[in-house]
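Chain by chain, the residues:
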Amino acid sequence: MCEILKEELFLTKQHFTSLYLPAGQRENYGTVTGETALAGKIVGLFFSAAWCPPCLHFLPLLRDVYDQLKARDSPFEIVFFSLDKNKEEMMEYYKEKHGNWLAAKYDDPLKQGFLEKYKISIIPKLIIIRPDGEVISNKGRKDIQDKGLIAFRSWQSAMLAAVKKLDQQQQLSNEAEEEMH
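Please read these numbers as outputs of a predicted model, since none were measured by experiment. (Residues numbered from 1 in each chain as written. Predicted model: local features only at pLDDT ≥ 70, side-chain atom pairs only at ≥ 80, totals over all residues. Heavy atoms only, no water.)

Q: I'm lost on the overall build of the chain in this one. Help?
A: Looking only at helices and strands, the chain has eight helices and seven strands in total. By residue count, 43% of the 181 residues in the chain fall in the buried class. Taking the intrachain contacts of the chain between residues at least 6 apart in sequence as the baseline, contacts between residues at least 24 apart amount to 67%. (Helix = DSSP H or I, 4+ residues; strand = E, 2+ residues; numbered from the N terminus. Buried < 20%, exposed > 50% of the residue type's maximum accessible area, 1.4 Å probe, protein only. Contact = heavy atoms within 4.5 Å.)

Below is the structure:
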C-alpha cells in the first residue's frame with residue numbers, strides 16, 4: 001500500500017450529513033483511513049474544481065466508469081483533491097457533482113505535495129497509481145475519454161506486469177544471495 005496514503009483520513013459522502021451531529025462527533029464521522037479504503041487497489045488521484053468547465057464536463061463520464069467498476073467489484077478507488085477557492089465550494093461540489101468516491105480534506109497538506117510531485121498544472125487531472133504509489137498513467141482522464149471502462153483493463157495489466165517484474169527481480173536477488181552462501 002502506498003505509504004503516504006496509508007495513514008491518511010479521507011472523507012466519504014456520509015461526512016457531509018454530519019452537520020446534524022453534535023460538534024464533537026462531526027470531525028471523524030464519515031471518514032475512512034487510506035489503509036482500509038485503498039489497500040490492494042488501483043487508485044485514481046483526481047484533481048478538480050467546481051469553477052472549471054472541463055471538470056464539470058468530465059465528471060459524468062468519470063462517475064459512470066467508476067459506478068460500473070464498483071458494480072463489478074473491481075479493485076479501484078478514486079480520491080478527489082479539490083482546487084476550489086474555499087472549503088464550502090469544495091464541500092458543495094463534492095456532495096452535489098461527484099461520485100461515491102473518497103475526498104481529501106480541503107486543507108490536507110498531501111494535496112500540495114501531490115500537485116508538486118505530479119506537476120499538476122491543468123485540471124481536471126486524473127493520475128492512476130498502483131497500490132505501492134508508482135504511477136500507472138498520468139493521463140487517466142484521456143484514458144477514460146478514449147477507452148471508457150476498458151481503460152481499467154490496461155491499468156490492471158500494467159500493474160500486474162510491474163508486480164510480476166518485481167517478483168522476478170526478488171527471486172533473482174534471492175537466488176544470487178543463496179549462491180553466495
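There's more to say after this.
Q: Hey, could you run me through the packing of aromatic side chains in this one?
A: For the coordinates displayed, the defined rule picks out twelve aromatic pairs. On the basis of an interplanar angle of 45 degrees and a centroid distance of 5.5 Å, the ring pair of F114 and Y118 is categorised as tilted. Aromatic ring contacts, followed pair by pair, group F46, F58, Y66, F76, F80, Y93, Y94, W101, F152 and W155 into a single cluster. (Phe/Tyr/Trp six-rings, centres within 6.5 Å; stacked < 30°, edge-to-face > 60°.)

Q: I tried to follow the nonpolar core on my own but got confused; where do I start?
A: Generally speaking, a soluble globular protein has its nonpolar side chains buried in company with each other. Counting residues in hydrophobic clusters, the biggest one holds 49 residues, and the most contacted among them are L45, F47, F76 and W155. Contacts of L45, omitting those with residues within four sequence positions, involve V79, F81, F114, Y118, K125, L126, I127 and I129. (Core = buried A, V, L, I, M, F, W, Y, C linked by side-chain atoms within 4.5 Å.)

Q: I tried to follow helix α7 (residues 140-147) on my own but got confused; where do I start?
A: For the α-helix, the turn length of 3.6 residues means that residues three or four positions removed from each other point alike. Every buried residue of α7 is listed here: G140, D143 and I144. Along the axis of α7, the buried residues cluster in a sector spanning 95 degrees; they form a single face. Once α7 finishes, G148 follows within two positions and takes phi at roughly 65 degrees, a positive value. (Arc of directions from axis to C-beta.)

Q: Explanation requested: the pattern of salt bridges in the structure shown.
A: When the charged atoms of two side chains lie near each other, side chains of opposite charge can form a pair. Applying the stated criterion to the full structure yields three salt bridges. Salt-bridge contacts for E77 lead to K70; the nearest nitrogen and oxygen are separated by 3.3 Å. (Salt bridge = Lys/Arg side-chain N within 4 Å of Asp/Glu carboxyl O.)

Q: Teacher, can you tell me more about the pairing of strand β6 (residues 125-129) here?
A: The side chains of a regular strand alternate between both faces of the sheet. The element β6 is largely enclosed, with a buried count of four among its five residues. Direction of pairing for strand β3 (residues 42-48) relative to β6: antiparallel, over a ladder of five bridges. In the sheet register, L45 faces β6, and the bridge partner there is I127. Bridge count for β6 against strand β7 (residues 135-137) is two bridges, and the pairing is antiparallel. What sits directly across from I128, in β7, is S137. Turn length for the β6-β7 hairpin, with the two strands adjacent in sequence and antiparallel, is five residues, and the turn residue G133 shows positive phi of about 95 degrees. (Pairing = 2+ DSSP bridges.)

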